[in-house]
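Coordinate analysis (summary)
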Amino acid sequence: MRDSAYVIAQTVWGFPQTLVGLAVLLAHRGRPHFRYHGAIVTTWNSHKALSSGPFVFMNGSGNALEAKQSIDESLLVHEYGHTIQSLILGPMYLPTIGLPSVIWLNFPGFKHWRRRTGTSYYSFFTERSANHLAERVLNRPAMGSISGKSDANKLRKLSLGKNRPRAAAIAALGPEQPKAVRQPCWFKSGDS
Ligand SMILES: [Zn+2]
């Protein structure tokens with residue numbers, strides 16, 4: 001029921017980005033899909049990731065079950081955050097999140113500046129917001145998160161023996177993660 005409400009809200013309120021996501025889904029309809037808290041995740045061969053409406057596209061291999069197990073969940077948590085932004089902002093999502101993040105990703109000046117200063121892609125407001133929202137909703141660590149609550153390394157310390165699901169999530173991360181990790185994201189290329 002909750003998943004249905006999520007999809008209906010994305011379809012009605014987030015119609016523009018849902019339409020874009022649906023077009024991408026149709027272009028990749030032969031690829032494995034699985035559900036993630038209402039979102040429809042499609043895995044593809046590309047190392048780029050994309051979120052549009054309730055649709056998430058990211059790297060994964062094998063059939064649907066294998067793909068679900070092969071994905072990087074912290075990246076999926078981050079991408080899920082963009083789907084929450086879509087739910088909140090509706091028709092304003094593309095101009096306020098989609099467009100700025102595409103510019104932040106692709107504008108050569110920003111790319112050069114990030115490289116020169118070692119600035120994380122996830123420090124931009126569109127990415128910070130996605131991580132913040134997803135971690136609040138899912139209580140899972142998101143990729144590249146640098147906020148206090150979302151910092152996986154801090155979560156690791158806070159969770160010792162107190163919160164089993166959170167501890168399990170963090171244990172699944174393996175060794176401590178660097179705070180600033182650059183990974184593919186919304187329409188972004190590999191060298192962001
Ligand atoms: Zn992102």
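Check the entry above for the structure.
A brief structural summary. (Residues numbered from 1 in each chain as written. Predicted model: local features only at pLDDT ≥ 70, side-chain atom pairs only at ≥ 80, totals over all residues.)

**Some points on the overall build of the chain**
Here is the rule we go by: For helices the rule is a DSSP run of H or I covering at least 4 residues; for strands it is a run of E covering at least 2, with both sets numbered from the N terminus onward. Here a residue counts as buried when 20 or more other C-beta atoms sit within 10 Å of its C-beta, as exposed when there are 12 or fewer, and as partly exposed otherwise, the C-beta atoms being derived from the backbone.
Per the secondary structure count, the chain includes 9 helices and 4 strands. Ordered by position in the sequence, the α and β elements of the chain form the string α-α-β-β-β-β-α-α-α-α-α-α-α. By the burial criterion, 35% of the 192 residues in the chain qualify as buried.

**Thoughts on helix α2 (residues 15–27)**
What counts here: One fewer than the residue count of a helix, multiplied by 1.5 Å, yields its expected span. Directions drawn from the helix axis to the C-beta atoms are what define this arc.
Taking 1.5 Å per residue, 13 residues should reach 18 Å; α2 reaches 18 Å between its end C-alpha atoms and fits that length. Every buried residue of α2 is accounted for by Q17, T18 and G21. All buried residues of α2 project into a common sector of 100 degrees when viewed along the axis, lining one side. What points out from α2, more than 90 degrees from its buried face, is the exposed set L19, A23, L26 and A27.

**Notes on the packing of helix α4 (residues 73–89) against helix α7 (residues 125–138)**
Selection criterion: Axis angles are defined between N-to-C directions and span 0 to 180 degrees, where every axis is a line fitted to C-alpha atoms and, for a helix, only to the segment in contact. Orientation is classified from the angle alone, with under 35 degrees giving roughly parallel, over 145 giving roughly antiparallel, 65 to 115 giving roughly perpendicular, and any other angle giving oblique. Note on contacts: residues are paired as contacts if their backbone-placed C-beta atoms lie within 7 Å. Gly is put with the polar residues, along with every residue not named as nonpolar or charged; the nonpolar set is Ala, Val, Leu, Ile, Met, Phe, Trp, Tyr, Cys and Pro, and the charged set is Asp, Glu, Lys and Arg.
Across the interface, α4 lies against α7 with an axial gap of 7 Å and an inter-helix angle of 95 degrees. With respect to α7, the element α4 is oriented roughly perpendicular. Listed contacts from α7 to V77, H78, Y80, G81, H82, I84 and Q85 of α4 are S129, A130, N131, L133, A134, V137 and L138. Residue classes in the contact of α4 with α7 are distributed as 8 nonpolar, 6 polar and no charged.

**Section: the nonpolar core**
Counted only if it meets this: Definition of nonpolar core: a set of buried Ala, Val, Leu, Ile, Met, Phe, Trp, Tyr and Cys residues joined via C-beta atoms within 7 Å.
Counting 21 residues, the largest nonpolar core has V41, V56, F57, M58, L76, Y80 and A134 as the members making the most contacts within it. Looking at this core, the elements that each hand over two or more residues are β2 (39–44), β4 (55–59), α4 and α7. The contact partners of V41, leaving out residues within four places of it in the chain, are H33, F34, Y36, V56, M58 and L76.

**Here we look at the sheet that holds β2**
What counts here: Two strands pair under a simple rule: DSSP has to find at least two bridges between them.
If you walk across this open sheet you meet the 4 strands as β1-β2-β4-β3, and the pairing is mixed. The sheet is open, and its two edges are formed by β1 (33–36) and β3 (50–52), each paired on a single side. The sheet shows a mean angle of 25 degrees between the axes of neighbouring strands, direction not considered. Here β3 pairs with β4 via 3 bridges, running antiparallel. Bridge assignment links S52 to a residue of β4, and that residue is F55.

**Side note on the pairing of β1**
Here β1 runs beside β2; their pairing, made up of 4 bridges, is antiparallel. Within β2, the position partnered with H33 by the bridge is T42. Between the antiparallel neighbours β1 and β2 lie 2 residues, among them H37 with a positive phi of about 50 degrees.

Nothing here speaks to function; it is all geometry.
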